[in-house]
Amino acid sequence: QGIPPGTVAVAGYGDAVVTTEPGLVVAIATADCVPMVLFDVEAGVLAAVHAGWRGTAARVVDAALDALEAHGGRAGRVHALFGPSISRDAYEVGPEVLVALDGTRPPGAAVPGRGDRSWLDVAACNEAALLGRGVRAERIVRPRLCTFGERERFSSYRRDGAKAGRIFTGAVLGPRGPQPPRRS
């Protein structure tokens, strides 16, 4: 039946939410993690995805694409829009993170840091997951906007700690579904 107009509802907490209902906003909050909106216009299905390193290791992109496909979506028709996230140059992680991400890191996503630490590009790992599932490169929009480095524009948990604000990324299906971005 859906949610009545004007009602605010929390569907629960997790790393992805999917809808086929026109007019229903799906949204996620991030403060360094990778926000993504995935949609298939033809199938009329939309997902908002929150991908931190743990979600990336748990293959949240695969779970979101599985859910899109369960509602008639096809990877070859999916558009993927990335929002701002922490960049590789600002995200130093310990060896346990690289172990957790084993098998999900494309070449260059992690480079040596200080001691046993590494610099990690979580967005690159998720882009590789999309490509690996058949999402076409020309349907992926990934601006290189760093939450950590752009203090005036974005909140960053890594930079500001628990007091950091959040970036809300949302999307809504229109009567005919979301439209692909126009490139200028």
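Summarised in this report is the structure supplied together with it.

Parameters at a glance
Residues numbered from 1 in each chain as written. Predicted model: local features only at pLDDT ≥ 70, side-chain atom pairs only at ≥ 80, totals over all residues. Heavy atoms only, no water. Pairing = 2+ DSSP bridges. Helix = DSSP H or I, 4+ residues; strand = E, 2+ residues; numbered from the N terminus. Contact = heavy atoms within 4.5 Å. Axes fitted to C-alpha atoms, helices over the stretch in contact; angles between N-to-C directions. Buried < 20%, exposed > 50% of the residue type's maximum accessible area, 1.4 Å probe, protein only. Salt bridge = Lys/Arg side-chain N within 4 Å of Asp/Glu carboxyl O. Core = buried A, V, L, I, M, F, W, Y, C linked by side-chain atoms within 4.5 Å.

1. Side note on the sheet that holds strand β5 (residues 79-82)
Sheet strands associate in pairs through backbone hydrogen bonding, adopting either a parallel or an antiparallel arrangement. Taken in spatial order, the five strands line up as β1-β4-β3-β5-β9 in an open sheet, and their pairing is mixed. Of all the strands in the sheet, just β1 (16-19) and β9 (140-141) have a single pairing partner and so form its edges. One ladder, built from four bridges, connects β1 with strand β4 (residues 45-51); its direction is antiparallel. Pairing of V17 across the sheet is with A48, part of β4. Most of the contacts of helix α2 (residues 60-70) go to β4, to which it runs at about 170°, and overall it touches β1, β3 (34-40) and β4. Most of the contacts of helix α4 (residues 122-132) go to β3, to which it runs at about 20°, and overall it touches β3, β4, β5 and β9.

2. Quick look at the sheet that holds strand β8 (residues 118-120)
Reading across the sheet, the three strands line up as β6-β8-β7 and stay open at both edges, with antiparallel pairing between neighbours. The outermost strands of the open sheet, each flanked by one partner alone, are β6 (92-93) and β7 (110-112). Of the pairings in the sheet, the one linking β6 to β8 comprises two bridges and is antiparallel in character. Looking across to β8, one finds that E92 is bridged to W119.

3. Some points on the pairing of β5
Two elements, β3 and β5, share four bridges in a ladder whose sense is antiparallel. Bridge pairing in β5 links L38 to A80. In terms of strand pairing, β5 meets β9 through two bridges, oriented parallel. Among the inter-strand pairings, L81 is bridged to a residue of β9, identified as V141.

4. A few points about α2
Among the residues of α2, those classed as buried are V60, V61, D62, A64, L65 and L68. Looking at the buried side of α2, the elements it contacts are β1, β3, β4, α1 (53-57) and α4.

5. Concerning the environment of G115
If you trace the backbone, G115 turns up in the loop between β7 and β8. Counting along the chain gives 21 residues from G115 to G94, while the straight-line C-alpha distance between them is 9.4 Å.

6. Examining the pattern of salt bridges
Enumeration according to the criterion identifies 14 salt bridges in this entry. The partner of R133 in a salt bridge is D66, and the shortest N-O contact between them spans 2.9 Å. With R133 in the loop between α4 and β9 and D66 in helix α2, this residue pair connects regions lying 67 residues apart in the sequence. Accessibility expressed as a relative area gives 42% for D66, which makes it partly exposed. For the salt bridge of D160 with R151, the shortest nitrogen-to-oxygen distance reads 3.7 Å. The network of salt bridges with shared partners includes D62, D66, E69 and R133.

7. Quick look at the environment of F82
Within the element layout of this structure, F82 appears in strand β5. Here the alpha-carbon distance between F82 and P35, two residues 47 residues apart in the chain, equals 5.8 Å.

8. So, the nonpolar core
If you look at the biggest cluster of nonpolar residues, it comprises 34 residues, and the most contacted ones within it are M36, L38, L65, L120 and L130. Of all hydrophobic cores here, the second largest spans eight residues; its members include V26, L46, A48 and A171.

9. Focus: the pairing of strand β10 (residues 167-172)
Only one face of β10 is covered, namely the one carrying I167, T169 and A171; the face carrying F168, G170 and V172 has none of its residues buried. Relative to β10, strand β2 (residues 25-30) runs antiparallel, the two being bridged by six bridges. Residue V25 lies in a different strand from β10, and its bridge partner there is V172.

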